[in-house]
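Each chain is listed here by its residues.
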Amino acid sequence: MALKLNAINFQSPKCPSFSLPPAASFRSPKFFMASTLRSGSKEVETAKKPFGPPREVHVQVTHSMPPQKIEIFKSIEDWAEDNILVHLKPVEKCWQPQDFLPDPASDGFHDQVKELRERAKEIPDDYFVVLVGDMITEEALPTYQTMLNTLDGVRDETGASLTPWAVWTRAWTAEENRHGDLLNKYLYLCGRVDMKQIEKTIQYLIGSGMDPRTENSPYLGFIYTSFQERATFVSHGNTARQAREHGDLKLAQICGTIASDEKRHETAYTKIVEKLFEIDPDGTVQSFADMMRKKISMPAHLMYDGRDDNLFDHFSAVAQRLGVYTARDYADILEHLVVRWKVADLTGLSSEGQKAQEYVCGLTPRIRRLEERAQGRAKQGPKIPFSWIYDREVQL
Ligand SMILES: [Fe+2]
Ligand SMILES: [Fe+2]
C-alpha cells in the first residue's frame, strides 16, 4: 500500500473544510494545521489570493487503495456495462435547458421573459441566495469530472476510453452539464441577481477545486458520490417545493427536473457501492467509516466571491435556515445509505471491519443528538450582505 503524504499550506481558521450545515458542525480530531497565512492589511491579503482566500488544507493522502484491489474494478466491467450504464439516458430522450426557457428565436420571447421576471419578483432574496449557491455548485462541474478521473482503476485513461467506467463518467458529466446551464440561464433572465459576481464565484471555485479526501480510491469516491447525488436530490427537491410555495410553477419544474436526474445518478452510484459490499464487505465498510469520519465535504466548500472569506458557511447557513439542505438532511442521507447497503447485516467481518460497522451504524443517532443540542443553543443569526444579490442583506 502506497501512502503518500504531502503536507501543504495555506489555512484559514475561518473556513472549515467539511461541511455539515453549520448548526451541526463538529470538528474532526484529524484536522491538520499546516500553516496559517496572516497579513496586516486587506490589500496585502487580496494580492496574495488572486485565486481564492487562504484556506484549510488537509494532509493529502494519495493512492491509499492496495494495488491488487484495482483488479476488482477490472473484473466487474461487464457487470458495470449491464447494470450501471442503463442508468444513463440516451441524449435524444434527455431534456435540455431550452425546454424550460424562453425561446430566443420565437416571437413570444420578450413576453415569456417578462412573465419569468414577474414570477421572480414574488420570490424572496434568501431563496435566491440558495438557488445561486446551488447553481454555482453545479457550474463547478469540471472539478467533479476531474475528481472522478483521480480514481484508480476507473479513470478515463485517454479522454475517450471505452471502459464502462469512463463511458459512465463522460456521459454523467454531459448529463450534469445541463443542470448548471439551465439554472445559470434562468438566473440571468430573472433579473434578480448580480451575474458578474456569480460568474466570478464560479471562476474562483473551479480554480480552487475541491478536497473530498477520496485518496484516489473508487471505494471512497463512489461512497462520496452516492452521498452527494442524494444531497443534491434533496436540495433541488426543496428549492422546487419552495418555488411552488412562492407561486412560481415554472421554476419549481426546473428544480424538480434537475432533482430527478440527481436521483437517477444516486441510484447508479449506490448500486456500485452495493456491488463492492458484495465483493469486499470488509474493505467497503471500512471505507464507508473512513469517509464518514472525515465528513462528507460539500463539493463547493471552497467557494469565494472575491469578498467574503466565509461565503460557503454563509450560503450553507441560509440553506439550513430555509430548510433547503440541513443538518437533519445530512443525518437522513447517512441513515438511508446504511439501510440501503444493509450495513447492520454484514457478517464475517475482521475486527477492523466490525469496528467500522459499529461506527457507521451508531453515527446517525449521534449526529441527530448533536444537531438537536446545536438547535437548542442556536440563536438567530446576523444579517449579512451577499454580493450575488447586489449586497442586499439576508439573515443567516
Ligand atoms: Fe447536478
Ligand atoms: Fe449530480
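None of these values were measured; they are calculated from a predicted model.

Scoring rules and cut-offs
- Residues numbered from 1 in each chain as written.
- Chains lettered and ligands numbered in written order.
- Predicted model: local features only at pLDDT ≥ 70, side-chain atom pairs only at ≥ 80, totals over all residues.
- Heavy atoms only, no water.
- Axes fitted to C-alpha atoms, helices over the stretch in contact; angles between N-to-C directions.
- Helix = DSSP H or I, 4+ residues; strand = E, 2+ residues; numbered from the N terminus.
- Parallel < 35°, antiparallel > 145°, perpendicular 65-115°, else oblique.
- Contact = heavy atoms within 4.5 Å.
- Nonpolar A, V, L, I, M, F, W, Y, C, P; charged D, E, K, R; others polar.
- Buried < 20%, exposed > 50% of the residue type's maximum accessible area, 1.4 Å probe, protein only.
- Donors = N, O, S within 2.8 Å, 3.2 Å for Na, K, Ca; no water.
- Pairing = 2+ DSSP bridges.
- UniProt positions renumbered as here; feature names shortened; annotations may be inferred.
- Lys, Arg positive; Asp, Glu negative; His and termini not counted.
- Salt bridge = Lys/Arg side-chain N within 4 Å of Asp/Glu carboxyl O.
- Expected span 1.5 Å × (residues − 1).
- Core = buried A, V, L, I, M, F, W, Y, C linked by side-chain atoms within 4.5 Å.

Asks: Describe the packing of helix α4 (residues 109-121) against helix α7 (residues 164-190), listing the residues and the values that go with them.
Replies: The description of two helices packed together rests on the angle between their axes and the distance between the axes. Where α4 contacts α7, the axes come no closer than 9 Å and their chain directions differ by 85°. Considering their axes alone, α4 and α7 lie roughly perpendicular with respect to each other. Counted together, V113, L116, R117 and A120 of α4 and Y186, L189 and C190 of α7 form the full contact between these two elements. Class assignment for the residues of the contact of α4 with α7 results in six nonpolar, no polar and one charged.

Asks: Explain the environment of G207 residue by residue, including any values.
Replies: Following the sequence through the fold, G207 ends up in helix α8 (residues 195-208). Judged by its relative accessible area of 60%, G207 is exposed. For the pair G207 and M303, spaced 96 residues apart in sequence, the C-alpha to C-alpha distance is 9.8 Å.

Asks: Tell me what's going on with the coordination of the iron ion (ligand 1), and back it up with residues and numbers.
Replies: Here the iron ion (ligand 1) is held by E138 (OE), E138 (OE), E176 (OE), H179 (ND1) and E262 (OE), and the distances to it run 2.1 to 2.4 Å. Spacing between the donor residues of the iron ion (ligand 1) along their common chain follows E-x37-E-x2-H-x82-E. Between the iron ion (ligand 1) and the iron ion (ligand 2), a separation of 3.4 Å is found, and both are coordinated by E176. Highlighted residues: E138 in helix α5 (residues 125-139) and H179 in helix α7, separated in sequence by 41 residues. Using a relative accessible area of 6% as the deciding quantity, one classes E138 as buried. Given the relative accessible area of 0%, H179 is considered buried.

Asks: Account for the environment of C255, with residues named and values stated.
Replies: Along the chain, C255 turns up in helix α10 (residues 249-279). For C255, a relative accessible area of 1% translates into the label buried. Residues C255 and G237, spaced 18 residues apart in sequence, show a C-alpha to C-alpha distance of 6.6 Å. Excluding residues within four positions of it along the chain, C255 makes contact with Y127, L131, H236, T239 and A240.

Asks: Outline the pairing of strand β3 (residues 383-386), supporting the account with residue identities and numerical values.
Replies: The alternating pattern of β3 places I384 and F386 on a buried face, while none of K383 and P385, on the opposite face, is buried. When β3 meets strand β4 (residues 392-395), the two strands line up antiparallel, connected through four bridges. Bridged to P385 within β4 is E393. If you look at the hairpin formed by β3 and β4, you'll find five residues sitting between the two strands, and Y390 has a positive phi there, around 60°.

Asks: I'd love a proper account of the UniProt feature "binding site: Fe cation 2" (unreviewed entry) in the protein, names of residues and values included.
Replies: Summarizing the sequence annotation, UniProt attributes the feature "binding site: Fe cation 2" (unreviewed entry) to E176, E229, E262 and H265 in the numbering used throughout. Sequence-wise these annotated residues cover 90 residues; spatially they are packed, their C-alpha atoms never more than 10.7 Å apart. For E262, the position within the fold is in helix α10. Given the relative accessible area of 1%, E262 is considered buried. When sequence neighbours within four positions are dropped, the list of residues in contact with E262 reads E138, E176, H179, E229, T232, F233 and H236. Tracing the backbone shows H265 in helix α10.

Asks: Outline the side chain of E176, supporting the account with residue identities and numerical values.
Replies: Summarising the element assignment, E176 is placed in helix α7. For the buried E176, which has no salt bridge, the nearest side chain bearing the opposite charge is R178, at an N-O separation of 7.7 Å. What E176 contacts, discounting residues up to four positions off in sequence, is E138, L141, E229, E262 and H265.

Asks: Provide a residue-level description of helix α11 (residues 281-294), including the pertinent values.
Replies: The terminal C-alpha atoms of α11, which comprises 14 residues, lie 20 Å apart, in line with the 20 Å expected from a rise of 1.5 Å per residue. Of all 14 residues in α11, eleven are buried; the element is thus mostly enclosed. All of the buried residues along α11 are D282, G283, T284, V285, S287, F288, A289, D290, M291, M292 and K294. Where α11 is buried, its residues contact α9 (218-245), α10, α13 (327-340) and α14 (351-377). Phi for K295, located one or two positions after α11, is positive at around 70°.

Asks: If you had to explain the coordination of the iron ion (ligand 2) to someone new, which residues and values would you point to?
Replies: Ideal geometry at a metal gives 109.5 degrees between four tetrahedral donors and either 90 or 180 degrees between six octahedral ones. Around the iron ion (ligand 2), the protein contributes the donor atoms E176 (OE), E229 (OE) and E262 (OE), which lie 2.0 to 2.2 Å from the metal centre. Taken in sequence order, the residues that donate to the iron ion (ligand 2) follow the motif E-x52-E-x32-E. Its relative accessible area of 5% is what places E229 among the buried residues.

Asks: Can you break down the UniProt feature "binding site: Fe cation 1" (unreviewed entry) in the protein residue by residue, with the values?
Replies: Under the feature "binding site: Fe cation 1" (unreviewed entry), the UniProt entry names E138, E176, H179 and E262. The named residues occupy 125 residues along the chain; their greatest pairwise C-alpha distance, 11.2 Å, places them in one compact cluster.

Asks: For the pattern of salt bridges, give the residues involved together with the corresponding values.
Replies: Scanning the entire structure with this criterion turns up 24 salt bridges. Note that K185 and D181 form a salt bridge whose closest N and O atoms lie 3.8 Å from each other. Taken together, the residues span about one helical turn, with K185 and D181 both in helix α7 at a distance of four residues. The shortest N-O distance in the salt bridge between E274 and R340 comes to 3.2 Å. Of this pair, E274 sits in helix α10 while R340 sits in helix α13, and the two are 66 residues apart along the sequence. It is possible to trace a salt-bridge network through shared partners that takes in E175, R178, D261 and R264.

Asks: Can you lay out the nonpolar core for me, pointing to particular residues and giving the numbers?
Replies: Counting residues in each nonpolar core, the largest one holds 107 residues, and the members touching the most others are Y186, L187, F222, F288, F386 and W388. Once residues lying within four places of it in the same chain are set aside, the contact partners of L187 are F128, L131, V132, M135, V193 and M195.

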